[in-house]
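# Coordinate inspection notes
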Amino acid sequence: MTDSTKTTSQTDKFLVYGNPIAQSKSPQIHQMFARQTKQDLIYDKQLATIEDFKSSLDDFFADPSAKGCNVTAPFKEQAAQWVDELTSGAQLAEAVNTIIRQDNGKFLGDTTDGPGIVQDLLRLKAVKKGARILLLGAGGAARGALKSLLSLEPELLLVANRTQAKAEHLASLIPQDNVKACGFDDLIEIALPFDLVINSTSSSLSGELPAIPDTLLAQTGFVYDMSYSDKPTILLQHASKLGVQHYSDGLGMLVGQAAESFYLWRGVRPDVEPVIDALRVEL
Ligand code: ATR
């Protein structure tokens, strides 16, 4: 065995699964974290299909140096079924974006999307305790963030969705007085202002604006869009035109969720700021 083979066989291995996966920034992010914190690890990306995803996980983790993986669309629900145990956050989300090989040999599934957005909102000083928060959307992204957003101790966390029934179902998963739901149409009658509006809908990806009143958006303290691209998303552009001063896209959330995964695997918290800056330049 050569020295280099020996090193490779002992180096902890990580992966991100997705389909598509070529565009994933996770390897780059984790390699930056590893350099920064002087951790020796390999982090790759892996394409899978719905049919072979679980067997691909079996194969990857058959190697004892495989310590964990990230999972992105469309495999988060399947990953939640594959693991031995789920954290409470992953149970609520019914989705897993991080798998951890534990010392007892069992695989734990967690979701770091919620902690990732909370970390980013705090970094941006976008929210204070007692805030009125409006969460747009009730799909997988909203579901992953909901419980973590409550750690910000909002006075109100209102889930609003184009399809009202989905918002109501999501809010019903957290029976707390400060968690409420409505359809977009009801937003006309809602008391303003909101301190923070978070867009978790996939509308930005299709270049559409969620159909919420301009008066609501114009009076919002901070607008956060979970999507990101090389220029401000359509929602952020619109908010800016309406006079909103403080807004951000979700690039910091992407890095934040990766930092939470890295912490779960390595027990070290990387500095997200230089990594966000480096990615922003390349967008
Ligand atoms: P994700 O995992 O990205 O959350 P998803 O689970 O398919 O994807 O959910 C997509 C979310 O974006 C839903 O809340 C959807 O609203 P509906 O439940 O009414 O379909 C929302 N969405 C998608 N396109 C939208 C648009 N153009 N305007 C408003 N909401 C939109």
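Structure first, text after, so check above.
So, here is what we can say about the structure in this document. Keep in mind the model is a prediction, meaning the values are calculated, not measured.

## With respect to unusual backbone geometry
Following Asn19, the chain continues into Pro20 via a peptide bond in cis, with omega recorded as 5 degrees. Its place among the elements puts Pro20 in the loop between strand S1 (12-18) and helix H2 (26-37). Looking along the chain, the bond that leaves Leu192 and enters Pro193 is cis, with omega of 0 degrees. When you line up the elements, Pro193 lands in the loop between strand S9 (179-183) and strand S10 (196-199). Its identity is not glycine, yet Glu94 carries a phi of approximately 50 degrees, on the positive side.

## Section: the pairing of S9
Along a regular strand, successive side chains alternate from one face of the sheet to the other. In this sheet, S9 lies alongside strand S8 (residues 156-161) in parallel orientation, the contact comprising five bridges. Directly across from Leu158, in S9, lies its bridge partner Lys180. Running through helix H8 (residues 164-172), the crossover from S8 to the neighbouring parallel element S9 is right-handed.

## Overview of the site of the ligand
Taken together, 14 residues are adjacent to the ligand, and Ala141, Asn161, Thr163, Lys166 and Glu208 come closest. Measuring from an oxygen atom of the ligand, one finds a backbone N or O atom of Ser202 at 3.1 Å. The residue makeup of the shell around the ligand, split by class, is three nonpolar, eight polar and three charged.

## Focus: the nonpolar core
If you look at the biggest cluster of nonpolar residues, it comprises 29 residues, and the most contacted ones within it are Ile117, Leu121, Leu149, Leu196, Ile198 and Tyr224. Every element with two or more residues in this core is listed here: helix H6 (113-123), strand S7 (132-136), helix H7 (140-149), S8, H8, S10 and strand S11 (222-225). Ranked by the residues each element gives to this core, the list is headed by H7, at four residues. Once residues lying within four places of it in the same chain are set aside, the contact partners of Leu121 are Ala126, Val127, Leu149, Leu152, Leu196, Ile198 and Tyr224.

## Side note on the pattern of salt bridges
Scanning all chains against the criterion turns up nine salt bridges. Where Asp63 meets Lys13, a salt bridge forms, and the shortest distance between an N and an O atom there is 2.7 Å. Highlighted residues: Asp63 in the loop between helix H3 (53-61) and strand S3 (66-71) and Lys13 in strand S1, separated in sequence by 50 residues. For Lys13, a relative accessible area of 21% puts it in the partly exposed group. With a closest N to O distance of 2.8 Å, Arg123 and Asp120 form a salt bridge. One end of the pair is Arg123 and the other is Asp120, both in helix H6 and three residues apart, which spans about a single turn.

Conventions adopted
- Residues numbered from 1 in each chain as written.
- Predicted model: local features only at pLDDT ≥ 70, side-chain atom pairs only at ≥ 80, totals over all residues.
- Heavy atoms only, no water.
- Helix = DSSP H or I, 4+ residues; strand = E, 2+ residues; numbered from the N terminus.
- Pairing = 2+ DSSP bridges.
- Right-handed = clockwise from strand over helix to strand, strands pointing away.
- Near = heavy atom within 4 Å.
- Polar contact = N/O pair within 3.5 Å; in protein donor to acceptor, adjacent residues only side chain to side chain.
- Nonpolar A, V, L, I, M, F, W, Y, C, P; charged D, E, K, R; others polar.
- Core = buried A, V, L, I, M, F, W, Y, C linked by side-chain atoms within 4.5 Å.
- Buried < 20%, exposed > 50% of the residue type's maximum accessible area, 1.4 Å probe, protein only.
- Contact = heavy atoms within 4.5 Å.
- Salt bridge = Lys/Arg side-chain N within 4 Å of Asp/Glu carboxyl O.

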